[in-house]
Amino acid sequence: MSETITPLIVGNWKMNGLGEQLSEITALSKELSKLEKQKCKTIICPPATLIRPACSKAGDNIMIGGQNCHAEISGAHTGDISAQMLKDAGAKYVIVGHSERRTDCFETDSQVKAKSKAAIAANIIPIICVGENEEQRKSGNAIDIVLSQINGSIPDDLKGNEIVVAYEPVWAIGTGLVPSISDIDEMHLAIRQALVKKLGENGDKTPILYGGSMKSSNSAQILEIAHVNGGLVGGASLKASDFFGIIATIK
Ligand code: 13P
């Protein structure tokens, strides 16, 4: 964890959550308000249907984000949502290029880059996801694959510190498997170096999150790694108590 980057703990609810689950946001906000000082920026990305009501439950200690956006501002794209619409609903962040969308919807690096640009143009921070699959990890190509995703998915003409990067090894998502501390360390250092090469000094300030089976029993160790600046949490973000448990492990 870095001294200079405020940690971010982001909950990705994926396709989970009906109106009644908004009570988890109320409960989380209540827990956070008991802390003397906020340990991190706390963000929940619920399904799009809940963004606006989630914002009204979130208080001033939780920010709300989307899980995807279209690259264009408006137009004939049935079923899609633009970054501007997310912003209008109250979102401050948007996850782009999650591996589930890269797999389910065949999203490419260049589409992820276009979505990231659209988010920045709408004044929303994109959380740009990268990560190798099991086969790529086993064949020793994980770092090359992730760095190529970084180069292909991050806009080239960033003016400032406008993005967050999330490293999520695909094989660790929802499986209970987590890379070794030294593998996370090695990957996050490689990502940091690539960001500095691409973005200059802004690359040093860009938060790099780890995601994949993070829970309160492993988060303390993971969040201590030098270039891990927070977490992107799926399953363990659905219940306020589990999610707060992760936040509580930040030193
Ligand atoms: P899990 O925490 O459920 O493994 O999901 C991680 C993830 O995909 C967050 O975006």
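Structure: see above.
## Let's talk about the environment of Ile173
Right, so step 1: The residue Ile173 is located in the loop between strand E6 (164-167) and helix H8 (181-199) in this model.
Right, so step 2: Classification of Ile173 by relative accessible area gives buried; the value is 16%.
Right, so step 3: Separated by 65 residues in the primary sequence, Ile173 and Leu238 have C-alpha atoms spaced 15 Å apart.
Right, so step 4: The residues touching Ile173, leaving out its near neighbours within four places in the chain, are Lys14, His98, Ser99, Glu100, Glu168 and Gly212.

## Structural notes on the environment of Pro7
Right, so step 1: The topology assignment puts Pro7 in the segment before strand E1 (8-12).
Right, so step 2: Separated by 33 residues in the primary sequence, Pro7 and Cys40 have C-alpha atoms spaced 4.8 Å apart.
Right, so step 3: What Pro7 contacts, discounting residues up to four positions off in sequence, is Met1, Lys39, Cys40, Lys41, Asn229 and Ile250.

## Quick look at the site of the ligand
Right, so step 1: Close to the ligand lie 13 residues, the nearest being Lys14, His98, Glu168, Gly174 and Ser213.
Right, so step 2: Take Ser213: an N or O atom from its main chain is 2.8 Å from an oxygen atom of the ligand.
Right, so step 3: Here an oxygen atom of the ligand sits 2.9 Å away from a polar atom, N or O, in the main chain of Gly235.
Right, so step 4: Considered class by class, the residues forming the shell around the ligand number four nonpolar, seven polar and two charged.

## Describing the layout of surface pockets
Right, so step 1: Quantified by volume, the largest pocket comes out at close to 250 Å³.
Right, so step 2: If you tally residues by element for the lining of the largest pocket, the top one is helix H4 (residues 99-104), at three residues.
Right, so step 3: Each residue belonging to the lining of the largest pocket can be placed in one class, and the counts come to three nonpolar, four polar and four charged.

What counts and what doesn't
- Residues numbered from 1 in each chain as written.
- Predicted model: local features only at pLDDT ≥ 70, side-chain atom pairs only at ≥ 80, totals over all residues.
- Heavy atoms only, no water.
- Helix = DSSP H or I, 4+ residues; strand = E, 2+ residues; numbered from the N terminus.
- Buried < 20%, exposed > 50% of the residue type's maximum accessible area, 1.4 Å probe, protein only.
- Contact = heavy atoms within 4.5 Å.
- Near = heavy atom within 4 Å.
- Polar contact = N/O pair within 3.5 Å; in protein donor to acceptor, adjacent residues only side chain to side chain.
- Nonpolar A, V, L, I, M, F, W, Y, C, P; charged D, E, K, R; others polar.
- 1 Å grid on protein atoms, 1.4 Å probe; cavity = no way out; pocket = protein on both sides within 12 Å on 5 of 7 lines; lining within 4 Å.
- Points joined across faces, edges and corners; volume = space filled by probe spheres on them.

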